[in-house]
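The primary structure of each chain is shown beneath.
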Amino acid sequence: MPTKIPFFNIIAENKPYAEKLANELELFMESGQFILGDAVTNFERQFASFCGSDFCVGTSNGLDALRLIFEGYKSLGLLTEGDEVLVPAHTYIATILAVIQSNLKPVFVEPKEGSFGMDIDKAKRLISNKTKACLVVHLYGELIDTEAFQSFAKEHNVLLIEDAAQAHGAVTASGLKAGAIGDAAAFSFYPTKNIGALGDAGAVTTNSESLANKIRILQNYGSPKKDMNQVLGFNMRLDALQARFLSVKLEDYPNALNRRLAIALRYVNEIKNPKIKLPVHPQDGSHVFHLFVVRVADRKDFMDFLDANGVGSLIHYPIPPHRQEALESYNNLNLPITERYHDEVVSIPLYASLTDSQVQRTIEVLNAYE
Ligand SMILES: Cc1ncc(COP(=O)(O)O)c(C=O)c1O
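Residues numbered from 1 in each chain as written. Predicted model: local features only at pLDDT ≥ 70, side-chain atom pairs only at ≥ 80, totals over all residues. Heavy atoms only, no water.

As a further point, take the nonpolar core. One finds F43, F47, F187, F189, L246 and Y253 to be the most contacted residues of the largest nonpolar core, which totals 35 residues. For this core, the leading source of residues is helix α9 (residues 240-270), giving 10 residues. For this core, the two domains that each supply at least three residues are domain 1 (11-109 + 116-248) and domain 2 (253-368). When neighbours within four sequence positions are excluded, F47 is seen to be in contact with C56, H168, F187, F189, I195, A203, T205 and L250. Ranked by size, the runner-up nonpolar core spans 32 residues in total, among them L66, I69, Y73 and A98. (Core = buried A, V, L, I, M, F, W, Y, C linked by side-chain atoms within 4.5 Å. Buried < 20%, exposed > 50% of the residue type's maximum accessible area, 1.4 Å probe, protein only. Helix = DSSP H or I, 4+ residues; strand = E, 2+ residues; numbered from the N terminus. Domains from an automatic or database assignment. Contact = heavy atoms within 4.5 Å.)

In structure tokens form, the structure reads like this:
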């Protein structure tokens, strides 16, 4: 049997950048600027321009980026503890944790049958006069219906916040990119993300100068200038070495993204198996395929088959957030679509360093599943 196709290959993914990254490490050591400084500012400018947003603030990770958005809005008086926030029930737990840790109340909204994003019709039914924000997630890299959510937020006068942790560079038909759709957006550069650091990293993008300024203070011990602490802040800064690495990765991202999209297109066109439900594949750039997630009824059998045939797979995510022990007070919620999705979803290999023969083999194995 050919060697196993790993679900993700972090070493191969980073190899093309090895020389540039090593060079950045050398420059970093020579600069002596290990906390914040030019490298962070440069990356922030570069990423804001990439997203088409006015401001970017680098952060320690994606969860902290979400936390800082909520804390920033609280400092500005636009959110108050106890306010309700609409959140997708089908997401990674970080989305929900950010809301709860900010002392806001998550209101779980199911996806629409057949797609993964928050169902706007259900959001409309769950909105109340306590709702002050809608936190959408571009899950697996697929943009939510941007125009619908923008008018929904406007009509109800709620903040529209994007969890864009999985959606770097996803763009609407009208040219609006993830990170510039809502009032503020959070990104993650966790090493396996489409743009991955060599450790933890994240960012907030926004067009609001007052929010960006608040976040800069909050993330740096509440300190607007040295030795002055204005508010009870955090240490949630983007690491300066990661900022350098991210600048290298971002420069090459269009190439890496094209490769991802080409593989996704082959999967969609060539996987033909009635037992496997494929994700939707818009051809307009609104899906960046952070993950290629199929749905199957007998997941264990399917994953065993993939494993026996040398194709790695993973589940994103096996347990829905509202069923996690940490979210005990939400355990009794009845969210049937979300719960079924968590039993059916399987992610198959999709990353830039996957070779054509690995893609071919993956397709063959999926087509052979009975
Ligand atoms: C949808 C979503 N939101 C938030 C996060 C949190 O990002 P991080 O792991 O960088 O804190 C992640 C990634 O793990 C994610 O997938």
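A word on unusual backbone geometry. Here the bond from H316 into Y317 is cis, since omega is 15°, no more than 30 degrees from zero. Its place among the elements puts Y317 in the loop between α10 (299-308) and α11 (336-344). Its identity is not glycine, yet Y140 carries a phi of approximately 65°, on the positive side. If you trace the backbone, Y140 turns up in the loop between β4 (131-137) and α7 (146-156). Residue classification places Y140 among the buried positions, given a relative accessible area of 2%. Residues other than glycine seldom take positive phi values, yet Y221 does so here, at roughly 60°. Tracing the sequence through the fold places Y221 in the loop between α8 (209-218) and α9.

Turning our eyes to something else, we now look at the pattern of salt bridges. Considering all chains together, one arrives at 14 salt bridges under this definition. Residues E71 and K74 are paired through a salt bridge, measuring 3.4 Å at the closest nitrogen-oxygen approach. Of this pair, E71 and K74 both sit in helix α4 (residues 62-75), 3 residues apart, which is roughly one turn of that helix. Owing to a relative accessible area of 13%, E71 belongs among the buried residues under this scheme. (Salt bridge = Lys/Arg side-chain N within 4 Å of Asp/Glu carboxyl O.)

Take the layout of surface pockets next. Within this model, the largest pocket holds a volume of roughly 610 Å³. Lining the largest pocket we find 33 residues, and of these Y92, Q166, Y190, K193 and Y317 sit closest to its centre. Those elements giving two or more residues to the lining of the largest pocket turn out to be α4 and α5 (93-101). Element by element, the count of residues in the lining of the largest pocket is highest for α5, at 4 residues. A per-class count over the lining of the largest pocket returns 20 nonpolar, 9 polar and 4 charged. Two domains each donate at least three residues to the lining of the largest pocket, and these are domain 1 (11-109 + 116-248) and domain 2 (253-368). (1 Å grid on protein atoms, 1.4 Å probe; cavity = no way out; pocket = protein on both sides within 12 Å on 5 of 7 lines; lining within 4 Å. Points joined across faces, edges and corners; volume = space filled by probe spheres on them. Nonpolar A, V, L, I, M, F, W, Y, C, P; charged D, E, K, R; others polar.)

In this section: the packing of aromatic side chains. Considering all chains together, one arrives at 17 aromatic pairs under this definition. Plain terms: the ring middles of F108 and Y330 are 5.2 Å apart, the flat faces sit at 55° to each other, and that makes the pair tilted. One end of the pair, F108, is in strand β3 (residues 105-109); the other, Y330, is in the loop between α10 and α11, with 222 residues separating them in the sequence. With 4.8 Å between their ring centres and 80° between their planes, F116 and Y140 make a pair best called edge-to-face. Separated by 24 residues along the polypeptide, F116 in the loop between β3 and α6 (120-126) and Y140 in the loop between β4 and α7 bring together distant segments of the chain. Taken together, F43, F47, F50, F187, F189 and Y253 form an aromatic cluster joined through their ring pairs. The ring of F50 carries K177 above its face, with NZ or CZ at 4.0 Å from the centroid. (Phe/Tyr/Trp six-rings, centres within 6.5 Å; stacked < 30°, edge-to-face > 60°. Lys NZ or Arg CZ within 6 Å of the ring centre and 35° of its normal.)

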